[in-house]
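# Structural characterization, general
Next come the chains, spelled out residue by residue.
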Amino acid sequence: MVLLPKPALEQFSLMRNIKPTTFFSGIPLIDLSNPDSKHLLVKACEEFGFFKVVNHGVPLEFILKLESEAVKFFSLPLSEKEKAGPPNPFGYGNKSIGQNGDVGWVEYLLLTANQESISQRLSSVFGDNPEKFRRALNDYISAVKKMSCEILEMMADGLKIQNRNVLSKLLKDEQSDSVFRLNHYPPCPEIQALKDHDMIGFGEHTDPQIISVLRSNNTSGLQISLNDGSWLSVPPDLSSFFINVGDSLQVMTNGRFKSVRHRVLANSMKARVSMIYFGGPPLGEKIAPLPSLMRGKESLYREFTWFEYKRSAYSSRLADNKLLLFERITPS
């Protein structure tokens, strides 16, 4: 990772002109082995749009193998990593996030969750021998996808939706537009020179998909935004997963579930490695509030396809309220 001179660092920093971070470990905790957790899932999605899961069924071996492969990849010389880039949208990226001027103290590898596409992208870096990384990715993604579908089915149960696979079937569909991201936030000693600034690793945003599943190493940095505008620091946990409600799920529940705004701050001493599965629907899927949740209620959103929303989201800045364009205007 290339270090920047102090003036250039300012574009990554954030003045403390917002409400201070809340240092609080009270993140909703859901035990997936407990069938009664479906009610806690709904409550967490309504109040936070974010929760932590334990007893999730993803083998620790899969988690540690992929983390090890990710660390090896990000330890390669920049010239080698760049063989997997530039991100368009998939591939290796360094500091630039998307095409619209957002930057962060991060390098990343963005992949489709499709196994064949993963193999092609890894071959560009590892030549004829990408097998170990590819196997680690596929094992991990398969296990996390299975867990995501179970969570979505528990959500449907908690919402008293008769068809419990109404959400999970979108991830199971062969055409599911799900993606996978490996992020590496190198240590940033320059933070100490910034004094009253924070160093942004990945700027505040919501995720456009249905559900996001995050796991990181034992380095802090992730924060979620609370209803009062303050930021809550999320303590890292090596063996657990953190789940985000995405914009699409907010729409499908007609605003009952909240798509959580979150960000990552850089660390002055330790590197952070995170692995995120973004469960998305097929490109042609129509996104609208589920009829079983409406029963006489007015829809807050106009119907759109996932392709339409994705195109709009990827042409906007990270911090933009991407759903604003899709809200239904009520006559005054």
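Structure: see above.
Residues numbered from 1 in each chain as written. Predicted model: local features only at pLDDT ≥ 70, side-chain atom pairs only at ≥ 80, totals over all residues. Heavy atoms only, no water.

### Digging into the overall build of the protein chain
We count it as follows: The numbering of helices and of strands both runs from the N terminus, where a helix is a DSSP run of H or I of at least 4 residues and a strand a run of E of at least 2. Summary of the burial criterion: residues with accessible area below 20% of their type's maximum are buried, those above 50% are exposed, and those between are partly exposed, where the area comes from a 1.4 Å probe applied to protein chains only. By the convention used here, residues are in contact when the closest approach between their heavy atoms is within 4.5 Å. The accessible surface values rely on the Shrake-Rupley method and a 1.4 Å probe; as for residues, cover is taken only from the protein chains in view.
Assigned secondary structure in the protein chain consists of 10 helices and 16 strands. Each of the 332 residues in the protein chain was classed as buried or not, and the buried ones make up 54%. Taking as baseline every contact in the protein chain between residues at least 6 positions apart, the subset at least 24 positions apart corresponds to 74%. Entry remark: accessible area of the protein chain is about 15,500 Å², with carbon and sulfur atoms responsible for 53%.

### Focus on the pattern of salt bridges
Using the following cut-off: What makes a salt bridge here is a side-chain nitrogen of Lys or Arg within 4 Å of a carboxyl oxygen of Asp or Glu, nothing more.
By the definition in use, this model includes 18 salt bridges. Ionic pairing is found between Asp237 and Lys52, a salt bridge with its closest N-O pair at 2.7 Å. Pair noted here: Asp237 is in the loop between strand S11 (231–233) and strand S12 (241–245) and Lys52 is in strand S4 (residues 50–54), with a separation of 185 residues, a long-range link. What makes Lys52 buried here is its relative accessible area of 18%. Taking the shortest distance from any N to any O, the salt bridge between Lys172 and Glu153 comes out at 3.1 Å. On the criterion of sequence distance, the pair formed by Lys172 in helix H7 (residues 168–172) and Glu153 in helix H6 (residues 131–158) is long-range, its members being 19 residues apart. On the basis of relative accessibility, which here comes to 48%, the residue Lys172 falls in the partly exposed class. Here Glu153 falls in the buried class, since its relative accessible area comes to 12%. Sharing partners across several salt bridges, the network here consists of Glu153, Asp157, Arg164 and Lys172.

### Some points on the sheet that holds strand S3 (residues 29–31)
Selection criterion: Following DSSP output, two strands are said to pair if at least two bridges run between them. Between N-to-C directions, angles span 0 to 180 degrees; the directions come from axes that are lines fitted to C-alpha atoms, helices contributing only their stretch in contact.
Read across the open sheet, the 8 strands follow the order S3-S4-S12-S9-S14-S7-S6-S5; overall the sheet is mixed. For this open sheet the edge positions go to S3 and strand S5 (91–97), each flanked by a neighbour on one side alone. Pairwise comparison of adjacent strand axes, ignoring direction, gives a mean angle of 25° for this sheet.

### Here's the deal with unusual backbone geometry
Residue Pro86 is reached from Gly85 by a cis peptide bond, and omega for that bond is -5°. Its place among the elements puts Pro86 in the loop between helix H4 (78–81) and S5. Located in the positive-phi region is Asn254, a residue other than glycine, with phi close to 55°. Mapped onto the elements of the fold, Asn254 is located in the loop between helix H9 (247–252) and strand S13 (262–265). Not every positive phi belongs to a glycine, and Arg295 is a case in point at roughly 45°. You can see Arg295 is positioned in the loop between strand S15 (286–287) and strand S16 (304–305).

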